[in-house]
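Listed below are the residues making up each chain.
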Amino acid sequence: MSTYKLVCPACHGCMRIRTSVGQTPCFRSTYYQCQNVACGATFSGSVTIDYQLSPSGLEQPLMVLPVAPAVERMKALRDNAKATNQMDLLAALEEAV
Ligand SMILES: [Zn+2]
């Protein structure tokens, strides 16, 4: 599991999410607080879920988002690639990003 470290724009210290409010299933308003006692800045922002990278395993998911443009581009490249036994290292690297 990875942990995203929130960085204070004012001092580059650690921040925490003080509270968040779900506006929709894909959008939350968030309020941040710097943990550096000397700074103590607070911020507001948002967390969004914009695209689907892979489909849900549920038979009838509550919501289906548009597929990310990068995923669509990679699928088009794969579909149009010549049949070969060699692995496309560039495509493998791009998928890993
Ligand atoms: Zn700060």
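Quick look at the overall build of the protein chain
Moving on, step 1. Secondary structure assignment for the protein chain yields two helices and three strands.
Moving on, step 2. Scored against the burial criterion, the 97 residues of the protein chain give a buried share of 3%.

What about the pairing of strand β3 (residues 42–48)?
Moving on, step 1. In terms of residue burial, β3 counts as a barely covered element, since only zero of its seven residues are buried.
Moving on, step 2. Across seven bridges, strand β2 (residues 27–34) lies against β3 in antiparallel orientation. By the bridge assignment, S29 is partnered in β3 with S46.

Points about the sheet that holds β3
Moving on, step 1. Judged by pairing direction, the sheet is antiparallel, and its three strands sit side by side in the order β1-β2-β3 without closing on themselves. Two strands close off the open sheet at either side, each with one partner strand: β1 (15–24) and β3. Averaged over neighbouring strand pairs, the angle between their axes works out to 25° when direction is ignored.

A word on the confidence of the model for the protein chain
Moving on, step 1. Of the residues in the protein chain, 82% reach a pLDDT of 70 or more, and the chain-wide mean stands at 88.
Moving on, step 2. Ranking the helices and strands of the protein chain by mean pLDDT puts β2 first, with 97, and helix α2 (residues 89–96) last, with 68.

So, the environment of Q35
Moving on, step 1. When you line up the elements, Q35 lands in the loop between β2 and β3.
Moving on, step 2. Q35 sits 22 residues away from G13 along the chain, and the two C-alpha atoms are 6.8 Å apart.
Moving on, step 3. Residues in contact with Q35, not counting those within four places in the same chain, are G13, C14, M15 and R16.

Comments concerning the pairing of β2
Moving on, step 1. Examined bridge by bridge, β1 and β2 share eight bridges and lie antiparallel to one another. Paired with G22 across the bridge in β2 is R28.
Moving on, step 2. Where β1 folds back onto β2 in an antiparallel hairpin, the turn is made up of two residues.

Thoughts on unusual backbone geometry
Among all residues save glycine, negative phi is the norm, and among peptide bonds the norm is trans.
Moving on, step 1. The phi dihedral of H12 is positive, around 65°, even though this residue is not glycine.
Moving on, step 2. Relative to the helices and strands, H12 is located in the segment before β1.

A few points about helix α1 (residues 69–80)
Moving on, step 1. Taking 1.5 Å per residue, 12 residues should reach 16 Å; α1 reaches 17 Å between its end C-alpha atoms and fits that length.
Moving on, step 2. Taken across its 12 residues, α1 has zero buried, putting it largely on the surface.

Quick notes on the rules
- Residues numbered from 1 in each chain as written.
- Predicted model: local features only at pLDDT ≥ 70, side-chain atom pairs only at ≥ 80, totals over all residues.
- Helix = DSSP H or I, 4+ residues; strand = E, 2+ residues; numbered from the N terminus.
- Buried ≥ 20, exposed ≤ 12 C-beta atoms within 10 Å, placed from the backbone.
- Pairing = 2+ DSSP bridges.
- Axes fitted to C-alpha atoms, helices over the stretch in contact; angles between N-to-C directions.
- pLDDT = per-residue confidence, 0-100.
- Contact = placed C-beta atoms within 7 Å.
- Expected span 1.5 Å × (residues − 1).

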